[in-house]
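Survey of secondary and tertiary structure
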Amino acid sequence: MSQVTSEMIKRLREMTGAGMMDCKTALNEAAGSMDQAIEILRKKGLKDIAKRAGKTAAEGTIGVYTHPGDQVVALVELNCETDFVARGEEFRALARDLAMHVAAMKPTYLSVEDVPEHVIAKEKEILFEQLNDEQKKKSDKILPGKIEKFLETQVLLRQIFIKDETESKTIKDMVEGLGMKCGEKVSIRRFSRLEVGEGIEKAQANLADDVAAMVGDK
């Protein structure tokens, strides 16, 4: 068993944002393995967040992003349980980043539960017609995966966070991760996106590429 040192505890705390005692306990349980300790803290954090699911998250902030040129603006209301967390820079930074994400990725719905049944039914109908005759015989196996891909493009919580270079963290992961760090229920209540001339036929710029380029330049 590796001896748990103060430096290891400090490093784990910097990596996870967890408390000193939680980090020490996790390292001891993981026999000094940093990777295992992180996994232990993550599982503990998810359990703690699950326990707080019924809590009221009425504090928070509104993240605002205006794309250069003032043609697109997005707002996201990010909520938490206490004003203390709401005033934190990390909390506010995530709210701003979420607004940037909404501006670039144009989600239609916040969660899967918000997607109307008739929208899913219509998408299934369209996807079915795109299958060849052989694929249509296996549509019950093919369509669920395609519907999942559709939800990943339309549902904010399912989308991959635009600033995640690994392209593996979803918006839900980012929100839950912050909740684990601050020990509170953190949630997105609503979002809105406005674009000048929206609905009017015109040449469309690729805003997602523009935002990605801006992120890469920082």
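Residues numbered from 1 in each chain as written. Predicted model: local features only at pLDDT ≥ 70, side-chain atom pairs only at ≥ 80, totals over all residues. Heavy atoms only, no water.

A few words now on the overall build of the protein chain. A count of helices and strands for the protein chain gives 10 helices and three strands. Secondary structure elements in the protein chain, listed N-terminal to C-terminal, are α-α-α-β-β-α-α-α-α-α-α-β-α. Counting every position in the protein chain, which comprises 218 residues, the buried fraction comes to 35%. Put simply, 59% of the contacts in the protein chain that link residues at least 6 apart link residues at least 24 apart. For the protein chain, the accessible area works out to roughly 13700 Å², and carbon and sulfur atoms hold 51% of it. (Helix = DSSP H or I, 4+ residues; strand = E, 2+ residues; numbered from the N terminus. Buried < 20%, exposed > 50% of the residue type's maximum accessible area, 1.4 Å probe, protein only. Contact = heavy atoms within 4.5 Å. Areas by Shrake-Rupley, 256 points an atom, 1.4 Å probe, with all protein chains shown as cover.)

Helix length check: helix α5 (residues 89-105) (17 residues) gives 24 Å between terminal C-alpha atoms against 24 Å at 1.5 Å per residue, within 8%. Within α5 the residues assigned to the buried category are Phe91, Leu94, Ala95, Asp97, Leu98, Ala99, Met100, His101, Val102, Ala103 and Ala104. The positive-phi residue at the C-terminal boundary of α5 is Lys106, with phi of around 50 degrees. (Expected span 1.5 Å × (residues − 1).)

Now for the environment of Lys106. Relative to the helices and strands, Lys106 is located in the loop between α5 and α6 (117-129). Each C-alpha atom, one on Lys106 and one on Val155, is 9.3 Å from the other, the two residues being 49 residues apart in sequence.

This brings us to the sheet that holds strand β1 (residues 59-66). Pairing in this open sheet of three strands is antiparallel, and the strands run β1-β2-β3 from one edge to the other. Each edge of the sheet is formed by a strand with only one pairing partner; in this case those strands are β1 and β3 (187-195). In this sheet, neighbouring strand axes are inclined to one another by 10 degrees on average, regardless of whether the strands run parallel or antiparallel. Against the sheet, α5 touches β1, β2 (72-80) and β3, its axis set at about 140 degrees to β2. (Pairing = 2+ DSSP bridges. Axes fitted to C-alpha atoms, helices over the stretch in contact; angles between N-to-C directions.)

Leu78, Phe91, Leu98, Ile171, Val186, Ile188 and Val211 are the most contacted members of the largest nonpolar core, which has 30 residues in total. Of all the elements in the fold, those that place two or more residues in this core are β2, α4 (83-86), α5, α9 (171-182) and α10 (207-217). Of the residues forming this core, the biggest block, nine residues, is contributed by α5. In contact with Val186, not counting residues within four places along its chain, are Leu78, Asn79, Cys80, Phe91, Val175, Leu178 and Gly179. (Core = buried A, V, L, I, M, F, W, Y, C linked by side-chain atoms within 4.5 Å.)

Below, the discussion takes up the side chain of Glu81. Topologically, Glu81 is positioned in the loop between β2 and α4. Separated by 2.7 Å, the side chain of Glu81 and the backbone nitrogen of Lys185 make a polar contact. (Polar contact = N/O pair within 3.5 Å; in protein donor to acceptor, adjacent residues only side chain to side chain.)

On to the packing of α5 against α9. Between α5 and α9, whose axes approach to 11 Å, the crossing angle comes to 175 degrees. Regarding the angle of α5 to α9, the classification is roughly antiparallel. Across the interface between the two elements, Glu90, Phe91, Leu94, Leu98 and His101 from α5 touch Ile171, Met174, Val175, Leu178 and Lys181 from α9. Classifying every residue of the contact of α5 with α9 by side-chain character gives seven nonpolar, one polar and two charged. (Parallel < 35°, antiparallel > 145°, perpendicular 65-115°, else oblique. Nonpolar A, V, L, I, M, F, W, Y, C, P; charged D, E, K, R; others polar.)

Of note, the phi angle at Ala31 is positive, near 55 degrees, even though the residue is not glycine. Among the secondary structure elements, Ala31 is positioned in the loop between α2 (20-29) and α3 (34-51). Note on Ala31: relative accessible area 34%, which makes it partly exposed. With a phi close to 55 degrees, Glu167 is a non-glycine residue in the positive phi region. In this structure, Glu167 sits in the loop between α8 (139-154) and α9. In this structure Glu167 comes out as exposed when scored by relative accessible area, which is 63%.

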